Amino acid sequence: MVGVLEEHRLTPTAQFVDRQTKGAIARALAVGRFKGKPEEQLSILAPQGIQAGRILLIGLGKAEALDGLTLQAIGGRLVSALNAAGEHAAAVAIDEVSGLKLSLADAAAHVAFGARLRAYRFDKYRTREKPEQKPTVKRFTVMVEDPAAARRSYEPLEKVGEGIFVTRDLVSEPANVVFPESLAEQARKLTALDIAVEILGEKQMKKLGMGALLGVGQGSTRESQLVIMQWRGASDRKQRPVAFVGKGVTFDSGGISIKPAQGMEDMKWDMAGSGVVIGLMHALAARKAKVNAVGVVGLVENMPSGSAQRPGDIVTSMSGQTIEVINTDAEGRLVLADALWYCQQQFKPQFVVDLATLTGAIIVALGTAHAGLFSNNDTLAERLIDAGKATGELLWRMPLGDVYDKLINTDAADMKNIGGRYGGSITAAQFLKRFIKDTPWAHLDIAGVTWSDKDAPTVPKGATAFGLRLLDRLVADHYEER
């Protein structure tokens, strides 16, 4: 696999291979439409003069535009092309080209990282696949002048990749496998990375006054859980941590306000926010991030039964604020209300970011290209947006304000859990904001970006782990010790 820049400019290795094959690349370029633009590929079969079964030409575009994300996408597309061709092993050459802003070591690391991300596959329950349906690539070699430097550059990316795979695995599992207690036990495995893990059951949460969270899970036979994960990587172990809170509704039937049957099977991934937090904690610890971090996930199953929460019920949150439950399918915000309050009370973090597949309204507003960002702090919001651009996990900031906050007032309690018909993602965020004290806070509504129905260069169909890379980048850029 060799690179071709725009206008058929061959990289040094491509020139070498062209000479070895007596002009096979030049002849192929002369008769095809391949111009070397990004995303273009051209395969030359059974070339003479070399032992390889094929040469795969990779369109690179302009050298000065080759950043980390572009190279990751190239790595991912290569793996996809190789599997489609039935290849078992391949090598890609990383060459010095004029205009390339990255070091060769970093460029090699990004190509390898993209290939690794694209190779992910959740297939543990497929027992009757035919050989031609399975991936074929067993070895993907990245050739570069200084492999030791490339390995050093790749190592932290690899650890982030481990966290991404943890998240994708958890979100992909069915709800009969991942439920509150079993997901809590998965989080407990983080102790192997020197993360302190504490799990609170219903009795403990009741003593803490977590009526909002407990109300959601009371219709299920599965016991609700609150998991607290602490990583102390800063030199000052008492330094205030950065904090991440995840919604973990392991299955969301809607409760008494039951969802339509069509598509309800997708609600196994309504715990994606908690999956991202667990994977992020894995990534931070695995790469030994020099920061103190805490992850809190509220784990519940929202089911209809004789003991389920009813529309019209009033619950008291840990904060002491009361909530009239108008719709039992607006449950994630109830879980987050108590988890956010607990996190602030217990840890007094520098900031708190929550992640949740919270509203269908955010998909109506933004589609599946961006997650919704709501924040009470401009600096935190700008840093999150920048981290999203750097990692390809795009955020769009949405408004907050008194005009929206008034929509969740009610005569029966301090607030109700839904607003009116319009601005549903905004009123959900306003609800969460009522449980934030003086802490910089951001809410990421990831409902539209958590699961993909089509392949992307570094994200196969299925669970995306959206949010993990951007939050790791946020920490690395602004909160880690230098």
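Refer to the preceding data block for the structure.
From a predicted model like this one, the values you see are computed outputs, not experimental measurements.

What follows covers the overall build of the protein. For the protein, the count of helices and strands is 15 helices and 19 strands. For 482 residues, the compact-globule formula gives about 23 Å, and the C-alpha radius of gyration of the protein, at 24 Å, lands near that figure. Its C-alpha atoms give the protein principal-axis dimensions of roughly 80 × 50 × 45 Å. Partitioning the intrachain contacts of the protein with sequence separation of at least 6 by distance along the chain shows that 77% fall at a separation of at least 24. Accessible area of the protein: about 21300 Å², with a carbon and sulfur share of 49%. Once the 58 positive and 55 negative side-chain charges of the protein are each reduced to a mean point, those two points are 3 Å apart.

Looking now at the side chain of R469. The residue R469 is located in helix 15 (residues 468–478) in this model. Nearest to the buried, unbridged R469 among oppositely charged side chains is E393, at 5.3 Å. Among residues more than four places away in sequence, those in contact with R469 are L69, Q72, F113, L117, V160, I164, T391, E393 and T458.

Moving on, we get to unusual backbone geometry. One non-glycine residue, H8, lies in the positive phi region at around 65°. Looking at the secondary structure, you find H8 in the loop between strand 1 (2–5) and strand 2 (9–10). The backbone phi angle of E39 is positive, close to 80°, even though this residue is not glycine. Inspection of the secondary structure assignment puts E39 in the loop between helix 2 (24–31) and strand 3 (41–45). Residue class for E39 comes out exposed when judged on its relative accessible area of 58%.

A word on empty space enclosed by the protein. In this structure the tally under the stated criterion is three cavities of 30 Å³ or more. Around the largest cavity, the lining comprises 17 residues; the ones closest to its centre are L60, L71, A93, I94 and D95. Of all the secondary structure elements, the ones that give two or more residues to the lining of the largest cavity are strand 1, strand 4 (54–61), helix 3 (68–85), strand 5 (89–93) and helix 4 (104–118). Within the lining of the largest cavity, the residues separate by chemical class into 14 nonpolar, two polar and one charged. A volume near 50 Å³ is recorded for the second largest cavity. Residues of the lining of the second largest cavity, tallied by class, amount to four nonpolar, five polar and one charged.

Looking now at the pattern of salt bridges. A full pass over the atoms with the stated rule returns 19 salt bridges. In this structure, D252 engages K259 in a salt bridge whose closest nitrogen and oxygen atoms are separated by 3.6 Å. Its relative accessible area of 2% is what places D252 among the buried residues. Residues R397 and D378 are paired through a salt bridge, measuring 2.9 Å at the closest nitrogen-oxygen approach. Pair noted here: R397 is in strand 15 (residues 395–397) and D378 is in helix 12 (residues 378–391), with a separation of 19 residues, a long-range link. Classification of D378 as partly exposed rests on a relative accessible area of 48%. One network of salt bridges, with partners in common, ties together R121, D123, R126 and E129.

Let's shift gears to the environment of V144. Following the sequence through the fold, V144 ends up in the loop between strand 6 (139–143) and helix 5 (147–172). Look at V144 and you get buried, because its relative accessible area is 17%. A sequence separation of 39 residues divides V144 from A105, and the C-alpha atoms of the two residues are 7.1 Å apart. When neighbours within four sequence positions are excluded, V144 is seen to be in contact with I94, L104, A108 and A150.

A few words now on the sheet that holds strand 4. Read from one edge to the other, the open sheet built from four strands follows the order 2-1-4-3, with strand pairing classed as mixed. Edge positions in the sheet fall to strand 2 and strand 3, since each of these pairs with one other strand and no more. Where helix 2 meets the sheet, its contacts fall on strand 1, strand 2, strand 3 and strand 4, and the angle it forms with strand 3 comes to roughly 125°.

Within helix 1 (residues 12–20) the residues assigned to the buried category are T13, A14, V17 and D18. The buried residues of helix 1 occupy an angular sector of 140° when projected down its axis, which confines them to one face. Contact partners of the buried residues in helix 1: strand 1, strand 2, helix 2, strand 4 and strand 5. Backbone geometry just downstream of helix 1 places K22 in the positive-phi region, at approximately 55°.

Counted according to the given criterion, the structure contains six aromatic pairs. Ring geometry for Y120 against F165: centres 5.0 Å apart, planes inclined by 50°, an arrangement best described as tilted. You can see Y120 sitting in the loop between helix 4 and strand 6 and its partner F165 sitting in helix 5, a full 45 residues away along the chain. An identical accessibility class is assigned to Y120 and F165; each is buried. Summarising the aromatic geometry, the rings of W269 and W451 are spaced 6.1 Å apart at their centres and angled 10° between planes, so their arrangement reads as stacked. Of the two residues, W269 sits in the loop between strand 9 (242–252) and helix 9 (272–286) while W451 sits in strand 18 (residues 451–452), which places them 182 residues apart along the sequence. On the accessibility criterion, W451 (23% relative accessible area) is partly exposed.

This next bit is on the nonpolar core. Ranked by internal contacts, the top residues of the largest apolar core, which has 64 residues, are V227, M229, F244, L384 and L471. Tallying contributions element by element places helix 9 first for this core, with nine residues. Beyond its immediate chain neighbours, meaning those up to four positions away, L384 contacts V353, L373, L395, A442, L470, L471 and L474.

Each value, and the rule that gives it
- Residues numbered from 1 in each chain as written.
- Predicted model: local features only at pLDDT ≥ 70, side-chain atom pairs only at ≥ 80, totals over all residues.
- Heavy atoms only, no water.
- Helix = DSSP H or I, 4+ residues; strand = E, 2+ residues; numbered from the N terminus.
- Rg over C-alpha atoms; globule rule 2.2 N^0.38 Å.
- Contact = heavy atoms within 4.5 Å.
- Areas by Shrake-Rupley, 256 points an atom, 1.4 Å probe, with all protein chains shown as cover.
- Lys, Arg positive; Asp, Glu negative; His and termini not counted.
- Charge placed at Lys NZ, Arg CZ, Asp CG, Glu CD.
- Buried < 20%, exposed > 50% of the residue type's maximum accessible area, 1.4 Å probe, protein only.
- Salt bridge = Lys/Arg side-chain N within 4 Å of Asp/Glu carboxyl O.
- 1 Å grid on protein atoms, 1.4 Å probe; cavity = no way out; pocket = protein on both sides within 12 Å on 5 of 7 lines; lining within 4 Å.
- Points joined across faces, edges and corners; volume = space filled by probe spheres on them.
- Nonpolar A, V, L, I, M, F, W, Y, C, P; charged D, E, K, R; others polar.
- Pairing = 2+ DSSP bridges.
- Axes fitted to C-alpha atoms, helices over the stretch in contact; angles between N-to-C directions.
- Arc of directions from axis to C-beta.
- Phe/Tyr/Trp six-rings, centres within 6.5 Å; stacked < 30°, edge-to-face > 60°.
- Core = buried A, V, L, I, M, F, W, Y, C linked by side-chain atoms within 4.5 Å.

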